[in-house]
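Working through the structure, step by step
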Amino acid sequence: MDNFAFFRPTSVAEAIDLASGDQKRDFLAGGTTMVDLMKLAVQRPGGLVDITGIKELESYEIGPGRLRFGALARMAVVADDADLREACPALTEALWKAASPQLRNVARLGGNILQRTRCPYFRDTAYTQCNKRDPGSGCAALEGGVTSLHAILGGSEHCVAMYPGDWAQALIAFDAEVRTRGPGGSRTIPFADLHVLPGDSPEVETILEKGEIIISIEVPVVPAMRASHYLKARDRESYAFASASAAVGLELDGETVKDARIALGGVASVPWRAGAAEEVLRGRTFSEALAREAGRAAFADATPLEHSAYKIPLGADVVAGALMTAHARARAGAKGED
Amino acid sequence: MAQTINTEVTRTDARRKVTGAAHYAADFTPAGMLHGALATSRIAVGTLTGIDTAKAEAEPGVVAVFTHANLPDYKTVKGIYSGGPGSASFWPMEGTAIKYAGQPIAYVVAETAAAARRGAQLVEASYEEGEAHIAMDPAQSFIVGAEGDGEGMTLTKGDIAAGLAEAAQSVDVEYVTPFQHHNPMEMFAATAEWRGDRLTVWMPSQSVRTLRHGISAAYGLPETAVRVISPFVGGAFGSKAGITPYTMLTIAAAKAVGAPVRLIVTRQQMYTVATFRPESVQRFRLGADASGRLTAFEHVEIAQTSQFDEVVNPGTHMTRSMYASPNIHTEQRLARSDTNSGGFMRAPNEMQTFFGLEQAMDELALKLGMDPVELRRVNDTDRHPVAGVPFSSRSLMECFDAAKASFGWADRNAEPGSMTDGDWLVGYGCATATYPTNISPSAARVRMQATGHAFVELAAHDVGTGSYTIMAQIAAARLGLPVEACDVVMGEAHLPLAPISGGSTTAASAGSAVHLACLAVGAEVARQVSAMSEGPFAGVDPAQITLEDGMLRGPGGKSQPLVEALASTPRGEATAEGQYRHPALTDEALRRTYQGGYGVAGPVTPEMAMFAFGAEFAEVRVHRWTHEIRVPRLHGAFAAGTWLNRKTAHSQLMGGMVWGIGSALLEVTELDHTRARFLNANIAEYLIPVNADVREIRVEMLEEQDDYVNPLGVKGIGELGIVGTAAAIANAIHHATGKRLRRLPMRMSDLV
Ligand SMILES: Cc1cc2nc3c(=O)[nH]c(=O)nc-3n(C[C@H](O)[C@H](O)[C@H](O)COP(=O)(O)OP(=O)(O)OC[C@H]3O[C@@H](n4cnc5c(N)ncnc54)[C@H](O)[C@@H]3O)c2cc1C
Ligand code: SF4
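What you are looking at is a predicted structure, and each value in this text was computed from that prediction instead of being measured. (Residues numbered from 1 in each chain as written. Chains lettered and ligands numbered in written order. Predicted model: local features only at pLDDT ≥ 70, side-chain atom pairs only at ≥ 80, totals over all residues. Heavy atoms only, no water.)

1. Some remarks on the UniProt feature "domain: FAD-binding PCMH-type" (unreviewed entry) in chain A
To keep things clear, this is the line we draw: UniProt positions are given in the numbering used here, feature names are shortened, and annotations may be inferred rather than shown by experiment. For helices the rule is a DSSP run of H or I covering at least 4 residues; for strands it is a run of E covering at least 2, with both sets numbered from the N terminus onward.
UniProt annotation of "domain: FAD-binding PCMH-type" (unreviewed entry) refers to residues 1–224 of chain A when read in the numbering used here. End C-alpha to end C-alpha, residues 1–224 of chain A measures 46 Å, and it is 26% helix and 17% strand.

Below you can see the structure in the form of structure tokens.
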């Protein structure tokens, strides 16, 4: 690891000041992505601006019309929130199934959504080709590499790295927004716009500007949240990234689907909303066959790579299975209200 | 005196380990010590055309950067597969040749570990790159050991074609197992300190005698000038047995800089600087008559090896020991690829071969329409199928019957895919486990004091298995002392010879030496008390006095506690050594062991075949939507002679089964074929089971008496538990889904 300067601001303004300008400085939250990549010499910041001293960013509220999560709320704390579990089970389940208890205790929500790919070629500097790490150098994964962990949706000929996070899928499914502040002022970014497709510049992963800090993540409450579910398929029962996952939510009118939300994890280059699959469901009578049809529709445009073709049938089944649980929850909720 | 053998005794070092008071090799810091770090090769095959160390040398804190061009007095040893103590025959940094990715190319010494690692990252190398293949090509395999050369590597008994022709049913199947790495929790480390011509090496090791013998020979020093210290080992599983380049480089670097140097190998580098489990293909042709009796048994094993060694772990020797068959053919083959040399990994000959054999038996049972347990029963045998000698003890079917009952096998509907529970498909499967009883020569010294304490000294190792505890138990039982009063000193090369901690030898072999040393202490005390003018044994012929469980007994019903007798002698202390050698051990094997090598009697001697047995039953669940494979229940019953410590033995067997879950469902070292590199060299992406993957594991330990194996009647159990697990799980997956998975690991991607 290179030597680096270390700063501990206590206010947002101070943090922005320290991270803006010409120096190579990055924010540090829990550090579970950042320090990991520094040890691997993949990220080599000249300075770290540790924002964990800014206590006001730790709070979160589960309001009746809006959920608000401070960027420094801990994964473990929010995962355990009983009100949130009732309001939107997909949001707690996606946190619960991420990483390990130790990591969840340390990692923060802002850092979580900005976690970086697990592409093994990105993480090991012995591979000289990686457009994300070293723009223009090529892509070891696409050039004869192992692509079993790579994206079948949203990739480009320059990079097929997969976005590995879980929570982001539940956020994108429910139209979350991200509040930020930076040298140029404050703004609100639809979560779906935060991450950008790799295209021909995979080194650019978000629209955040230098020195722009995430203040909070907010989600408007909709009925489909109550009957939501996050289903994560992985070979290891815990402490493993998704081979395929789905965050889904349903709002039913009798057995007719009024609103459907579907997002896909473990399969795409960015957090991925499956709009076409949602369309399959809306206005139709729910059934297992319909759930399977939606699952297939979610992957209609997928491009299998050499080693990731299994993700298409797997992902389709995971979407269908998640919808079955969401449907059961919607039915149980409807009974509860009767 | 309370019974100390065949009871549950908590590890004597447990408290020290959990409080941090147990010092592992890398915890020793000699004064003035510097830190080492390795830089490794990016390419797999080729030549180093240039190496620029200027940036590394300029890094603050860096003291020296060594490469092939400037490391004086770097010594190497012969590889283990050429009869030497080294982990491989090829030694990096002797020249510019690159033979595998991740091969050391430079050694940085610095004032801090961080500066050394930074320096290593700054070493710049250029290469002329050659074509490389990380995976073997089974079509290019070659046979090891010609038929009838006396070694028995390749072997034919009867006529396979005839056996298959008369079979009512047969299977002809191939199973594939991947590269796997040991991943011990404790990192590889070595600390070297020279004082003039005397050298001390601290290093986690499964064989301190191998290290000392090899290092002293390489440097032309007497063995007395080399100390090797390895008091605790945080897991080894076969990875810490041979002498590796990282050790010899550290020794040379310490000499060159004139200060002690410690190297801690990084997790990623641990995948390439030492050994691993080679990938393999297991081919089986089995034929059986209508009653299930085998008429033909053929097993061809193809294992991966490096370009410079022939890494043979003859798994066919184990499979052909398993079931009776008039016609047997086995063949051991190797195929080369561009890696470092593989080696042994927990159950090195058995894990992959029994994944094959025990699935092939299951496939055969299905074809015959037979219960898989009954197929094992009709093929059970009390004589070794090849050698014809009887088994010294064989409780295979007792194990099956016990595990079958505890598991509830009777509830199984034999039809594949017939059992479900909500969204889960449910399957039951079973498999045989076996492990050879390898008996090494060993020595031990016991010094007993009149205060009721004893030192037990031997160059054995506790690789995390509980060896300290069982040695104390054996001494306590023989000398009539509490376990806590027996202080066991191990893990140093100058102590009396004990075997390499490998092949599950330690308890049986070193334990027997401790037993004999205690009897020798009894004889020594008997000699002293018989020469005294008073006391119960005054004037008694010492040859008439025996030691039984802490009591000296003589003619005419005379008896006295050993500790009392000792207290009556003027010295108040007695020391004796025990030398254990199994009667079937050859002089050659004895010599090899004393020269730091691996020499054993068995598992097949001219009189007997010595094996431990077990049966494993798995319940598997496969999720309807996610296709995830889970193992809610695993039951094993085992028989392995005398249980010394029911608690640590239980842990060993359970630990083996946990590892078996990993082998079955998770573990694989992934390969980048284009760059010929191991891809997932870290324990985030190399998956091993976590707590949530391990649900109910039940271990039954059956009683078995075996007077032939050794004076204690002990068989090794360190590796037994893993042997049947993967096949039991595979058979259960087939039962749950109707799909036969013949490649490890078995993952959800195989079931979509
Ligand atoms: C072994 C392992 C397994 C894992 N498994 C999973 C898993 O199964 N599922 C899953 O979802 N995740 C998993 N993770 C990822 C883990 O969840 C993330 O590393 C973690 O959430 C990141 O949070 P952090 O606070 O540690 O971020 P940091 O490492 O501190 O920061 C990450 C990035 O975000 C930036 N950043 C942080 N906060 C802000 C802010 N407020 N504004 C602007 N930029 C900011 C940092 O500059 C940095 O670039 C795993 C990680 C590891 C190491
Ligand atoms: S997929 Fe992307 S991150 Fe991976 S090697 Fe290619 S460019 Fe790099």
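2. Here's the deal with the UniProt feature "domain: Aldehyde oxidase/xanthine dehydrogenase a/b hammerhead" (unreviewed entry) in chain B
As annotated in UniProt, the feature "domain: Aldehyde oxidase/xanthine dehydrogenase a/b hammerhead" (unreviewed entry) corresponds to residues 19–131 of chain B in the numbering used here. Taken end to end, residues 19–131 of chain B has its terminal C-alpha atoms 50 Å apart, with 14% of it in helix and 30% in strand.

3. Observations regarding the site of ligand 1
We apply this condition: Residues are classed as near a molecule or strand on a simple rule: at least one heavy atom within 4 Å of it. Polar contact is the term for a pair of N or O atoms within 3.5 Å; when the atoms are in protein, one must be able to donate a hydrogen and the other to accept it, and sequence-neighboring residues count only if both atoms are side-chain atoms. Working definition of accessibility: Shrake-Rupley area with a 1.4 Å probe, residue cover restricted to the visible protein chains. For this classification, the nonpolar set comprises Ala, Val, Leu, Ile, Met, Phe, Trp, Tyr, Cys and Pro, the charged set comprises Asp, Glu, Lys and Arg, and every other residue, Gly included, is treated as polar.
Neighbouring residues of ligand 1: 31 residues in total, closest F27, G31, T32, T33 and D166 of chain A. Flanking ligand 1 are residues from chains A and B. Here an oxygen atom of ligand 1 and a side-chain polar atom of T32 of chain A are 2.7 Å apart. One nitrogen or oxygen atom from the main chain of A99 of chain A is found 2.9 Å from an oxygen atom belonging to ligand 1. For ligand 1, whose unbound accessible area comes to 970 Å², protein coverage reaches 94%. Counting only elements with at least two residues in the shell around ligand 1, the list comes to β2 (25–28), α7 (109–113) and β8 (213–220) of chain A. Element by element, the count of residues in the shell around ligand 1 is highest for α7 of chain A, at 3 residues. Considered class by class, the residues forming the shell around ligand 1 number 18 nonpolar, 9 polar and 4 charged.

4. Remarks on the interface of chain A and chain B
Quoted interface sizes are often the accessible area lost when the parts come together. Using the following cut-off: Only heavy atoms enter the contact rule, under which two residues are in contact if any of them lie within 4.5 Å. The term buried area denotes the loss of accessible surface (1.4 Å probe radius) that occurs when two parts are joined, taken as the sum for both partners. For this analysis, a salt bridge means a side-chain nitrogen from Lys or Arg found within 4 Å of a carboxyl oxygen belonging to Asp or Glu.
Every contact between the two is made by 39 residues of chain A and, on the other side, 31 residues of chain B. Between chain A and chain B lies a buried interface of about 3,100 Å² when both sides are counted; carbon and sulfur atoms form 53% of it. The largest contributions to the chain A side of the interface with chain B come from D235, R236 and E237 of chain A, which together make up 24% of the buried area. Taken together, chain A and chain B are joined by 6 salt bridges. For the salt bridge of R624 of chain B with E288 of chain A, the shortest nitrogen-to-oxygen distance reads 2.6 Å. Where chain A touches chain B, the interface holds 17 residue pairs in polar contact (both at pLDDT 80 or more). Within the residue set of the side of chain A that touches chain B, elements represented by two or more residues are α8 (120–123), β9 (228–233), α12 (288–298) and α13 (311–337) of chain A.

5. Regarding the domain arrangement of chain B
All names here are of chain B. Short version of the rule: Note: domain ranges come from an automatic or database domain assignment.
Looking at chain B, the domain boundaries give domain 1 (32–132 + 185–235 + 240–271), domain 2 (139–179 + 277–437 + 605–751) and domain 3 (440–586). A separation of 40 Å is found between the C-alpha centroids of domain 1 and domain 3. The interface of domain 1 with domain 3 comprises 15 residues on the first partner and 17 residues on the second. Taking both partners together, domain 1 and domain 3 bury about 1,200 Å²; carbon and sulfur atoms supply 52% of that area. Among the residues domain 1 hides against domain 3, the three largest losses belong to Q206, V208 and R209. Together they make up 40% of the total. Linking domain 1 to domain 3 there are 1 salt bridge. The residue R227 makes a salt bridge to E492 at a minimum N-O spacing of 2.8 Å.

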